[in-house]
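Each chain is listed here by its residues.
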Amino acid sequence: RRSTKDGASAEALALGVACGRMIAVTATEKGGIAFVFDVSDPGSPVLLFTHHLSPASRHANPTVAYAYGYLGDIDSETILFLDAS
């Protein structure tokens, strides 16, 4: 059973080049939210956008959604950065 005391933490990380920029993608372990950063300048990363991996992660408190099993099918153990070609 997971602790409800822990906050969101990064579960996986992927790096790749998109549109000429170095992009980092990570997702939270419990919240079901992906974060996309431009890390072309590693000293000044820029958050580009977030993406909810499940409708439950958009509308429910992550702890409650996980407890009810709404987020159980989404777990970002691995992230792959796919080349567009």
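Residues numbered from 1 in each chain as written. Predicted model: local features only at pLDDT ≥ 70, side-chain atom pairs only at ≥ 80, totals over all residues. Heavy atoms only, no water.

A. Structural detail: the pairing of strand β1 (residues 10-18). Here 8 bridges tie β1 to strand β2 (residues 21-28), and the two strands are oriented antiparallel to one another. For Leu15, the partnering residue across the bridge sits in β2 and is Ala24. Joining the antiparallel neighbours β1 and β2 is a turn of 2 residues, in which Cys19 adopts a positive phi near 55°. (Pairing = 2+ DSSP bridges. Helix = DSSP H or I, 4+ residues; strand = E, 2+ residues; numbered from the N terminus.)

B. Local environment of the sheet that holds β1. Pairing within the open sheet is antiparallel, and its 4 strands lie in the order β1-β2-β3-β4. Each edge of the sheet is formed by a strand with only one pairing partner; in this case those strands are β1 and β4 (46-52). Taking each pair of neighbouring strands and ignoring which way they run, the sheet shows an average axis angle of 20°. Of the pairings in the sheet, the one linking strand β3 (residues 33-38) to β4 comprises 6 bridges and is antiparallel in character. (Axes fitted to C-alpha atoms, helices over the stretch in contact; angles between N-to-C directions.)

C. Geometry of the pattern of salt bridges. All chains considered together, the criterion is met by 1 salt bridge. Here Arg21 ties to Asp38 by a salt bridge, and the two come within 3.6 Å at their closest N and O atoms. Here the residue Arg21 occupies a position in strand β2, and Asp38 occupies one in strand β3, the gap between them amounting to 17 residues. (Salt bridge = Lys/Arg side-chain N within 4 Å of Asp/Glu carboxyl O.)

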